[in-house]
Amino acid sequence: MTDQGDTPAGIPGKPTSASRTTLSHIMTSHDTNLLGTVHGGVIMKLVDDAAGAVAGRHSGGPAVTASMDEMAFLEPVRVGDLLHVKAQVNWTGHSSMEVGVRVMAERWNESTPATQVGSAYLVFAAVDAEGKPRPVPPVIPETEQDKRRNQEAQIRRTHRLARRQAIRELRERRAAEGYED
């Protein structure tokens, strides 16, 4: 299952490590929700920022968020936590890339190991100056973990496409039956 789908031929690949990045940010009282923990939307923005940087690095230019799925919040994040948002390209198609993100938190004043507090998968589309899709280099998994992530990303892509098709067919059927949305 190492097929790269519709990856463009002739564009040299880039190793996973070439665009991998970590964005770190200390959480303050401005980031909190009504419960006194960090607002999920703040974390999601940091996730999107880190993933966007990785997608832009990998594709060598602008890339826009096409979708975000499987955003999981595993533990609450508190004021004073140092958040580390780690992102890498897991899979590439012709103009799209799946970026995997892991969110880690550690107390700013303690020497305890960071704890995973969230994860997400985002799909980015590389675009040109007119906003049209442009080809991206294939990603070259370097480690066994990178290879596993690439295979899992292909499964997620298959599920996204199947879900999109099933919804399209349902809407067409309902429209044919006279139902309006």
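Computed from a predicted structure; not experimentally measured.

1. Comments concerning the overall build of the protein
Scanning the protein for helices and strands turns up 2 helices and 7 strands. A buried classification covers 37% of the 181 residues belonging to the protein. By sequence separation, contacts in the protein at least 24 residues apart represent 74% of the contacts at least 6 residues apart. Looking at the protein as shown, the accessible area adds up to about 10200 Å², and 54% of this sits on carbon and sulfur atoms.

2. Digging into the UniProt feature "domain: HotDog ACOT-type" (unreviewed entry) in the protein
Here, the residues flagged by UniProt with the feature "domain: HotDog ACOT-type" (unreviewed entry) are residues 17-130. The annotated region residues 17-130 carries 18% helix and 46% strand content, and the separation between its end C-alpha atoms amounts to 29 Å.

3. A look at the sheet that holds strand β6 (residues 115-126)
Ordered by their spatial adjacency, 5 strands build an open sheet running β2-β4-β5-β6-β3, and the pairing between neighbours is antiparallel. Sheet topology places β2 (21-26) and β3 (63-73) at the edges, where each strand pairs with a single neighbour. Neighbour to neighbour, the strand axes of the sheet diverge by 25 degrees on average, direction disregarded. Pairing between strand β5 (residues 96-107) and β6: 10 bridges, direction antiparallel. In the strand pairing of β6, Val-101 is matched with Ala-120. Packed on one face of the sheet, helix α2 (residues 144-176) meets β3, β4 (81-92), β5 and β6 and runs near 75 degrees to β4.

4. A short note on the packing of aromatic side chains
For the structure shown, the criterion picks out 0 aromatic pairs. Between Arg-156 and the ring centre of Tyr-121, over which it is positioned, the NZ or CZ distance is 3.5 Å. Cation over ring: Arg-174 sits above Tyr-179, and NZ or CZ is 4.3 Å from the ring centre.

5. Notes on α2
Helix length check: α2 (33 residues) gives 48 Å between terminal C-alpha atoms against 48 Å at 1.5 Å per residue, within 8%. Along α2, the residues that are buried comprise Asp-146, Arg-149, Asn-150, Ala-153, Gln-154, Arg-156 and Arg-160. The elements touched by buried residues of α2 are β3, β4, β5, β6 and β7 (139-140). Where α2 terminates, the next one or two residues include Gly-178, which has phi positive at roughly 95 degrees.

6. Focus: the nonpolar core
Of all hydrophobic cores here, the largest spans 26 residues; its most connected members are Val-47, Leu-83, Val-99 and Val-101. Counting only elements with at least two residues in this core, the list comes to α1 (40-59), β4, β5 and β6. Each residue touching Val-101, except ones within four places of it in the same chain, is listed here: Val-47, Ala-51, Val-85, Lys-86, Ala-87, Gly-118, Ser-119, Ala-120 and Leu-122.

7. What about the side chain of Asn-90?
Locating Asn-90 in the fold gives a position in strand β4. Polar side-chain contacts of Asn-90 include one of 3.3 Å to the side chain of Gln-88. Setting aside residues no more than four positions away along its own chain, Asn-90 makes contact with Glu-98, Val-99, Gly-100, Tyr-121, Val-139, Arg-149, Asn-150, Ala-153 and Arg-156.

8. Quick look at the pairing of β4
The element β4 is extensively covered by neighbouring structure, given that 10 of its 12 residues are classed as buried. As paired strands, β2 and β4 are joined by 6 bridges and run antiparallel to one another. Looking at β4, one finds that Thr-21 is bridged to Ala-87. Inspection of the sheet shows β4 paired to β5 by 11 bridges, in the antiparallel sense. Looking at the pairing, Leu-83 lines up with Ala-105 of β5.

Thresholds applied
Residues numbered from 1 in each chain as written. Predicted model: local features only at pLDDT ≥ 70, side-chain atom pairs only at ≥ 80, totals over all residues. Heavy atoms only, no water. Helix = DSSP H or I, 4+ residues; strand = E, 2+ residues; numbered from the N terminus. Buried < 20%, exposed > 50% of the residue type's maximum accessible area, 1.4 Å probe, protein only. Contact = heavy atoms within 4.5 Å. Areas by Shrake-Rupley, 256 points an atom, 1.4 Å probe, with all protein chains shown as cover. UniProt positions renumbered as here; feature names shortened; annotations may be inferred. Pairing = 2+ DSSP bridges. Axes fitted to C-alpha atoms, helices over the stretch in contact; angles between N-to-C directions. Phe/Tyr/Trp six-rings, centres within 6.5 Å; stacked < 30°, edge-to-face > 60°. Lys NZ or Arg CZ within 6 Å of the ring centre and 35° of its normal. Expected span 1.5 Å × (residues − 1). Core = buried A, V, L, I, M, F, W, Y, C linked by side-chain atoms within 4.5 Å. Polar contact = N/O pair within 3.5 Å; in protein donor to acceptor, adjacent residues only side chain to side chain.

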